[in-house]
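Remarks on the overall topology
Here are the chains, one letter per residue:
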Amino acid sequence: MSRLVRLNVGGTIFLTRHSTLAHSNSFFSALLSSTEPEDEYFVDRDPAHFRHILNFMRGAVTFPRTSVELDELLQEADFFSLPKLVLQVRRHREICRQTSTEHQLSIIAAKLA
């Protein structure tokens, strides 16, 4: 069974398994490969979107709701060196933009009819 790791991200504690963090080549690979592994690490980042980062690493992608939050998550995914998440966030953001544009056009069309 994989040992537990506490991550203090900007003052918010997240608890996860070592195997979750070690699963992909990312920011955490270097953190965990230290000669003397710790049980708690401090990461000087805003914790607002870190749950999405952990969910991705656990195999369950989740996205925030607004375009601003998606842009922030994109920055965090890039910081944590998670290129697959970066790609998924970009795709999701594009789908949201297309859906929003289609919705706006349908409203305009309905008003003109």
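Residues numbered from 1 in each chain as written. Predicted model: local features only at pLDDT ≥ 70, side-chain atom pairs only at ≥ 80, totals over all residues. Heavy atoms only, no water.

By the element assignment, Ser-26 lies in the loop between α1 (18-22) and α2 (27-32). Classification of Ser-26 by relative accessible area gives buried; the value is 8%. In contact with Ser-26, other than residues within four places in its own chain, are Leu-21, Met-57, Phe-80, Ser-81 and Leu-82. (Helix = DSSP H or I, 4+ residues; strand = E, 2+ residues; numbered from the N terminus. Buried < 20%, exposed > 50% of the residue type's maximum accessible area, 1.4 Å probe, protein only. Contact = heavy atoms within 4.5 Å.)

A word on helix α4 (residues 67-79). One turn of an α-helix holds 3.6 residues; hence residues three or four places apart share an orientation. With 13 residues, α4 should cover 18 Å at 1.5 Å per step; its first-to-last C-alpha distance of 18 Å lies within 8% of that length. Within α4, burial applies to Leu-70, Leu-73, Leu-74, Glu-76 and Ala-77. Buried residues of α4, seen end-on, are gathered within an arc of 165° and therefore sit on one face of the element. What points out from α4, more than 90 degrees from its buried face, is the exposed set Val-68, Gln-75 and Asp-78. Just downstream of α4 lies Ser-81, where phi reads positive at about 55°. (Expected span 1.5 Å × (residues − 1). Arc of directions from axis to C-beta.)

In space, the three strands of this open sheet follow the order β2-β1-β3, with mixed pairing throughout. Among the strands making up the open sheet, the edge pair consists of β2 (12-17) and β3 (40-43). Strand-to-strand, the axes of this sheet are offset by a mean angle of 25°, without reference to chain direction. Where strand β1 (residues 4-9) meets β3, four bridges bridge the pair, whose relative direction is parallel. Considered in β3, the bridge of Leu-7 is made with Tyr-41. (Pairing = 2+ DSSP bridges. Axes fitted to C-alpha atoms, helices over the stretch in contact; angles between N-to-C directions.)

Right, let's talk about the side chain of Asn-8 for a bit. Structurally, Asn-8 can be placed in strand β1. Residue classification places Asn-8 among the buried positions, given a relative accessible area of 15%. Ignoring sequence-local partners within four residues, the contact set of Asn-8 consists of Ile-13, Glu-40, Tyr-41, Phe-42 and Val-43.

As a further point, take the nonpolar core. Among the nonpolar cores identified, the biggest contains 23 residues, and Leu-7, Leu-21, Phe-50 and Ile-53 are the most heavily contacted of them. If you list the elements that add at least two residues to this core, you get β1, α2, β3, α3 (50-57), α4 and α5 (83-112). Ranked by residues supplied to this core, first place goes to α3 with five residues. Those residues within four positions of Ile-53 in sequence are excluded, and the remaining contacts are Leu-73, Glu-76, Ala-77, Phe-80, Leu-82 and Leu-85. (Core = buried A, V, L, I, M, F, W, Y, C linked by side-chain atoms within 4.5 Å.)

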